[in-house]
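# Observations on the three-dimensional arrangement
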Amino acid sequence: MSATLLLQTPSLTVLDFRCTFGPHDKPFAEEHRGHSISYVRKGSFGCHCRGRLFELVAGSVLVGHPGDEYVCTHDHVCGDECLSFTVTPELADAIGGDAETWRVGALPPLPELMVLGELGQAAAEGRSDLGLDEIGQALAGRFVEVVSGRARKQQPVTARDRRRAVETALWIDAHSKDEIDLDQAASRAELSAFHFLRLFASVLGVTPHQYLVRSRLRHAARLLADEERSITDIAYDVGFGDLSNFVRTFRRAAGVSPLKFRQASRGSRKIFQERLALN
């Protein structure tokens, strides 16, 4: 079994688990270290937990409660891959759900959770401008709603809440070249990460990470049009830590590569005319 750390914040950890065990490998007991939700994206395995046996396939969800023991088996196929989100006790309390909710052991493939699991995988691969921490919180919140059968009530947004969201958005934009995670932005607004995410999206229509990425894209577009710096320098200057991620994200937003955007900004109308003709 290999575990790759994808993200670690004060309230949430995201790991990519890949197991190659098969029917001939001896299973062993493990212990959940926190409240966790692991989305099975590939393969299959069995899980013995609290006297019950669960068979998980692609789309299923393994749920962990701190201190609970479990044993995974691979009696039918060899290997599996999971995207695992572990939240702190404080975040689990904010999300809601009692101890029994977090002790369901596992859930079958459910559309309400599968779509968020796949969205998390897209974010892990750089194919979404949502943050992995945002998706993890959304997945945990939806999990609690599904298991408890109770949808979370929408809290009224006050004038103070709106001011907090707007002021934090301005701060994100001013510091968009820096690494900013959900916990940092929430701390700026003096709210828990879970409540801040819902408030920000409700007031501004985008998540904090979406706003961060779009601020970087806006600054990049300005620099591509006005300056002679290389595309690589611009990518790093506006906050993208990887050139290929910048090119991919920019193309997804603009419909053209950064190079073609630069050419268009300097008078090459043909590029956008061709783009409009295609649409």
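Scroll up to find the structure this text is about.
First things first, this report covers the structure right here in the doc. Worth saying up front: this structure is predicted, and the values here are computed from it rather than measured.

Below, the discussion takes up the overall build of the chain. Counting secondary structure elements, the chain contains 11 helices and nine strands. The principal-axis extents of the C-alpha atoms in the chain amount to approximately 70 × 50 × 30 Å. Counting only contacts in the chain whose residues sit at least 6 apart along the sequence, the fraction spanning at least 24 positions is 69%. On the chain, roughly 14600 Å² of surface is accessible, and the fraction owed to carbon and sulfur atoms is 52%. Each charge sign in the chain was given a centre, from 34 positive and 36 negative side chains, and these centres are 7 Å apart.

Looking at chain direction, strand 1 (residues 2–8) and strand 2 (residues 12–19) are connected through six bridges and run antiparallel. Residue pairing for strand 2: Q8 is matched across the bridge by T13. Counting the residues between successive antiparallel strands, the hairpin from strand 1 to strand 2 contains three residues. As paired elements, strand 2 and strand 8 (residues 80–87) share eight bridges and run antiparallel to each other. For C19, the partnering residue across the bridge sits in strand 8 and is D80.

The subject of this paragraph is the packing of aromatic side chains. With the rule as written, the count across this model stands at seven aromatic pairs. Ring plane angle 55° and centroid distance 5.8 Å describe the contact between F246 and F250, whose orientation is recorded as tilted. Taken together, the positions of F246 and F250, both in helix 9 (residues 243–254) and four residues apart, correspond to about one turn of that helix. Classification of F246 as buried rests on a relative accessible area of 0%. Overall, F250 belongs to the buried group, its relative accessible area being 3%.

Although it is not a glycine, R50 adopts a positive phi angle of roughly 55°. Looking at where R50 falls in the secondary structure, it is placed in the loop between strand 4 (35–49) and strand 5 (52–57). The exposure class assigned to R50 is partly exposed, which follows from its relative accessible area of 47%. Positive phi is not limited to glycine here, since E190 has a value of about 60°. Secondary-structure assignment places E190 in the loop between helix 5 (182–189) and helix 6 (193–204).

Taken N-terminus to C-terminus, the directions of helix 2 (residues 111–124) and helix 3 (residues 132–148) make an angle of 170°; their axes are 9 Å apart at the nearest point. Considered as vectors, helix 2 and helix 3 are oriented roughly antiparallel to each other. Contacts between helix 2 and helix 3 involve E112, L113, L116, L119, G120, A123 and A124 from the former and L132, I135, A138, L139, R142, F143 and V146 from the latter. When its residues are assigned to classes, the contact of helix 2 with helix 3 shows 11 nonpolar, one polar and two charged.

What follows is about the nonpolar core. Among the nonpolar cores identified, the biggest contains 27 residues, and I37, V61, F85, W102 and F143 are the most heavily contacted of them. Those elements that provide at least two residues to this core are strand 2, strand 4, strand 6 (61–64), strand 8, helix 1 (89–95), helix 2 and helix 3. Considering each element in turn, this core owes the most residues, six residues, to helix 3. If we skip the residues at most four places from it in the chain, V61 touches I37, S38, Y39, L56, G105, A106, L107 and L113. Listed in part, the 15 residues of the second largest apolar core include L223, L224, F246 and V256.

A word on the pattern of salt bridges. Tallied over the entire structure, the rule returns 12 salt bridges. The partner of E81 in a salt bridge is R18, with the nearest N and O atoms 3.8 Å apart. Here the residue E81 occupies a position in strand 8, and R18 occupies one in strand 2, the gap between them amounting to 63 residues. A relative accessible area of 17% means that E81 is categorised as buried. Using a relative accessible area of 40% as the deciding quantity, one classes R18 as partly exposed. Among the salt bridges present, the one from D68 reaches R103, with a minimum N-O distance of 3.2 Å. Linking D68 in the loop between strand 6 and strand 7 (69–73) with R103 in the loop between helix 1 and strand 9 (106–107), this pair joins segments that are 35 residues apart in sequence. Accessibility expressed as a relative area gives 9% for D68, which makes it buried. It is possible to trace a salt-bridge network through shared partners that takes in D16, R18, R41 and E81.

The subject of this paragraph is the environment of F246. Between the C-alpha atom of F246 and that of V213, which follows or precedes it by 33 residues, the distance is 9.8 Å. Beyond its immediate chain neighbours, meaning those up to four positions away, F246 contacts A220, I231, A235, F240 and P258.

Each value, and the rule that gives it
Residues numbered from 1 in each chain as written. Predicted model: local features only at pLDDT ≥ 70, side-chain atom pairs only at ≥ 80, totals over all residues. Heavy atoms only, no water. Helix = DSSP H or I, 4+ residues; strand = E, 2+ residues; numbered from the N terminus. Contact = heavy atoms within 4.5 Å. Areas by Shrake-Rupley, 256 points an atom, 1.4 Å probe, with all protein chains shown as cover. Lys, Arg positive; Asp, Glu negative; His and termini not counted. Charge placed at Lys NZ, Arg CZ, Asp CG, Glu CD. Pairing = 2+ DSSP bridges. Phe/Tyr/Trp six-rings, centres within 6.5 Å; stacked < 30°, edge-to-face > 60°. Buried < 20%, exposed > 50% of the residue type's maximum accessible area, 1.4 Å probe, protein only. Axes fitted to C-alpha atoms, helices over the stretch in contact; angles between N-to-C directions. Parallel < 35°, antiparallel > 145°, perpendicular 65-115°, else oblique. Nonpolar A, V, L, I, M, F, W, Y, C, P; charged D, E, K, R; others polar. Core = buried A, V, L, I, M, F, W, Y, C linked by side-chain atoms within 4.5 Å. Salt bridge = Lys/Arg side-chain N within 4 Å of Asp/Glu carboxyl O.

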